[in-house]
Amino acid sequence: MSTNNWFKVNDESKILTPGLIIYPERIEHNIKSMISISGDVNRLIPHVKTYKMPSIVKLQMDHGIKEFKCATFGELEMLISCNVKHVLLAIQPTKEKAIRFLNLQKKYSKIKFSTLVDNIDSLKLFSSLSKANDIRMNLWLDINNGMNRTGIIPEKALGLCLELFEDQNLKFNGLHVYDGHIRHSSLSKRLNHCNLDFKKVEQLVAQIKNKIGTLPQIITGGTPSFYAHSLRKTNLLSPGTTLLWDLGYQKIWKESPFLHAAVLVTRLISKPAPNIYCFDIGHKAVSSEMPLPRMEIFGLEGAFHKSQSEEHLVIEYKDHKNLNIGDLFYAIPYHICPTVAKYNKSYAVINGEIKSLWDIQARDYQLSI
């Protein structure tokens, strides 16, 4: 990780901690890198779950990206407010969500809405609701490609696919294949694993073409498998964390062109014992689903992170003697997605200057459009 001062804010007295800083110029670099890897901006349907900010959606739209994935209704409503071309709710809705989804689809008819299905009961529910609302629901068949989280395995998917294709109340959009389980730090191992798991999908695609006469469109991957799937050329691509980047994915994809575009800020608030330092950044301010350390603090690399509670982080560091109460430190989290969701606003910094505060609008599960 770079030790230069790209992250520094000129007037640190304006910063309240703990806080989140976003760097728009670095985000634009990451957008251009996404487009370069994809080879065609029209292949991209990025996930918004990492950043949840309309300002970042609009930056991507300025570069020609018009279609987006989301996981919550807050994210969906944020995308509606940005007037995107197509929004994919990439989580199979239950009945009450399906009803709300169809109501939004009717209200905002200029935007294409789509979502996922992986079982016959949900398909029948969606068909019934679509018929009652006199509107067709756009559905992608969610494929379990080895992650075993959601989806139907390729070997059993053809029957459900044909049911969907033949249902007059529904529209078959294609296949959705998310392989978040592929997380090797070796690029060659990621490529091999991704290609091996995808063979069953290719067999399913051939079966579908044989039955319905056309090839289905396919949405593939997330961030770790983004490059591997980009080599296929005809599929759509769904990276997400690429926009802000974090230490977790940096360790998985060392060769990536993406830059860290978000940092946390914290201040030293206590020195309770020799070489023991306490900062005001507890697990309410950073993703805490993994063991310590949950971030790397610039200037304190290699410190031992002893404990973290709701508002405090305690570290042990023997190399520094001149740390003062109130000193500001910058840190990169290991997992940026749930970290962003802990804040309602972020500082937007360009060339060391705080230009504005960006709303993290879709951290809420529901918004009022």
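The paragraphs below set out a description of the structure included in this document.

Points about helix α3 (residues 73-81)
Counting along an α-helix, one turn takes 3.6 residues, and residues three or four places apart therefore face a common direction.
Working step 1: Of all nine residues that make up α3, eight are buried, and the element is covered over most of its length.
Working step 2: Residues of α3 that are buried sit in contact with α2 (54-62), β2 (67-70), β3 (86-89), α4 (95-107) and β4 (112-117).
Working step 3: Phi turns positive, to about 60°, at Asn83, one or two residues after α3.

Side note on unusual backbone geometry
Working step 1: A cis amide bond links Thr17 to the next residue, Pro18, at an omega of -5°.
Working step 2: Note on placement: Pro18 falls in the segment before β1 (19-22).
Working step 3: Residues Leu292 and Pro293 are joined by a peptide bond in cis, for which omega reads 0°.
Working step 4: A positive phi angle, close to 55°, is found at Asp134, a residue other than glycine.
Working step 5: Among the structural elements, Asp134 can be located in the loop between α5 (120-132) and β5 (137-143).
Working step 6: Overall, the relative accessible area of 71% leaves Asp134 in the exposed class.
Working step 7: Of note in this structure, Trp245 is not a glycine but carries a positive phi near 65°.
Working step 8: Position of Trp245 among the secondary structure elements: in the loop between β8 (236-237) and α9 (247-252).
Working step 9: Under the relative-accessibility criterion, Trp245 is labelled buried at 1%.

Regarding α2
Working step 1: Among all positions of α2, only Pro54, Ile56, Val57, Leu59, Gln60 and Met61 are buried.
Working step 2: Buried positions along α2 lie against α1 (24-38), β2, α3 and β16 (353-359).

Focus: the packing of aromatic side chains
Working step 1: Overall, the coordinates contain 12 aromatic pairs when judged by the stated rule.
Working step 2: Centre to centre, the rings of Trp245 and Phe258 are 5.2 Å apart; their planes meet at 45°, and the pair counts as tilted. Residue Trp245 is located in the loop between β8 and α9, and its partner Phe258 is located in the loop between α9 and β9 (262-273); the two are separated by 13 residues in the primary sequence.
Working step 3: For Phe258, a relative accessible area of 4% translates into the label buried.
Working step 4: Ring centres of Phe279 and Phe329 lie 5.4 Å apart, and the angle between their planes is 90°; on these two criteria the pair is classed as edge-to-face. Separated by 50 residues along the polypeptide, Phe279 in strand β10 (residues 276-279) and Phe329 in strand β14 (residues 328-333) bring together distant segments of the chain. Grouping residues by exposure puts Phe279 and Phe329 together as buried.
Working step 5: Taken together, the ring pairs in this structure connect Trp6, Phe7, Tyr23, Phe298 and Tyr330 into an aromatic cluster.

Side note on the pairing of β9
Working step 1: When β1 meets β9, the two strands line up antiparallel, connected through four bridges. Residue pairing in the sheet places Leu20 in a bridge with Leu264 of β9.
Working step 2: Pairing of β9 with β14, which is carried by four bridges, proceeds in the antiparallel orientation. In the sheet register, Arg267 faces β14, and the bridge partner there is Leu328.
Working step 3: Direction of pairing for β9 relative to β10: antiparallel, over a ladder of three bridges. Paired with Ala273 across the two strands is Ile276, which belongs to β10.

A closer look at the layout of surface pockets
Leftover empty space is mapped by rolling, across the atoms, a probe with the size of a water molecule.
Working step 1: Taken as a whole, the largest pocket encloses approximately 960 Å³ of empty space.
Working step 2: Secondary-structure elements contributing two or more residues to the lining of the largest pocket are β5, α9 and α10 (336-340).
Working step 3: Taken together, the residues that form the lining of the largest pocket break down as 16 nonpolar, 14 polar and 12 charged.
Working step 4: Its volume calculated, the second largest pocket comes out at about 220 Å³.
Working step 5: Lining the second largest pocket are Phe198, Glu202, Val205, Leu215, Pro216, Gln217, Ile218, Arg232, Thr234 and Asn235.
Working step 6: Elements that contribute at least two residues to the lining of the second largest pocket include exactly α7 (187-212) and β7 (217-220).
Working step 7: The biggest single contributor to the lining of the second largest pocket is α7, with three residues.
Working step 8: By residue class, the composition of the lining of the second largest pocket is five nonpolar, three polar and two charged.

Looking at a positive patch on the surface
Working step 1: Judged by side-chain charge, Lys85, Lys112, Arg136 and Lys171 come together as a positively charged surface patch.
Working step 2: Tracing the backbone shows Lys171 in strand β6 (residues 170-177).
Working step 3: Residue class for Lys171 comes out partly exposed when judged on its relative accessible area of 40%.

Comments concerning the packing of helix α6 (residues 157-166) against α7
Working step 1: Remark: α6 packs on α7, axes separated minimally by 10 Å, with the N-to-C direction vectors making an angle of 40°. Viewed along their axes, α6 and α7 adopt a mutual orientation that is oblique. In the packing of α6 onto α7, the handedness of the crossing is right-handed. Between α6 and α7, the contacting residues are Ala157, Leu158, Cys161, Leu162 and Phe165 on the first element and Leu204, Gln207, Ile208, Lys211 and Ile212 on the second.

Focus: the sheet that holds β3
Working step 1: Pairing within the open sheet is parallel, and its seven strands lie in the order β2-β3-β4-β5-β6-β7-β8. Both outer strands of the open sheet, β2 and β8, are each paired with one neighbouring strand and no more.
Working step 2: Bridge count for β3 against β4 is four bridges, and the pairing is parallel. Across the sheet, residue His86 finds its bridge partner in β4, namely Lys112.

Cut-offs and rules
Residues numbered from 1 in each chain as written. Predicted model: local features only at pLDDT ≥ 70, side-chain atom pairs only at ≥ 80, totals over all residues. Heavy atoms only, no water. Buried < 20%, exposed > 50% of the residue type's maximum accessible area, 1.4 Å probe, protein only. Helix = DSSP H or I, 4+ residues; strand = E, 2+ residues; numbered from the N terminus. Contact = heavy atoms within 4.5 Å. Phe/Tyr/Trp six-rings, centres within 6.5 Å; stacked < 30°, edge-to-face > 60°. Pairing = 2+ DSSP bridges. 1 Å grid on protein atoms, 1.4 Å probe; cavity = no way out; pocket = protein on both sides within 12 Å on 5 of 7 lines; lining within 4 Å. Points joined across faces, edges and corners; volume = space filled by probe spheres on them. Nonpolar A, V, L, I, M, F, W, Y, C, P; charged D, E, K, R; others polar. Patch = residues over 30% accessible without salt bridge, like charges linked within 9 Å, V, L, I, M, F, W, Y side chains within 5 Å. Areas by Shrake-Rupley, 256 points an atom, 1.4 Å probe, with all protein chains shown as cover. Salt bridge = Lys/Arg side-chain N within 4 Å of Asp/Glu carboxyl O. Lys, Arg positive; Asp, Glu negative; His and termini not counted. Charge placed at Lys NZ, Arg CZ, Asp CG, Glu CD. Axes fitted to C-alpha atoms, helices over the stretch in contact; angles between N-to-C directions. Parallel < 35°, antiparallel > 145°, perpendicular 65-115°, else oblique. Left-handed = near helix turned anticlockwise from the far one by under 90°.

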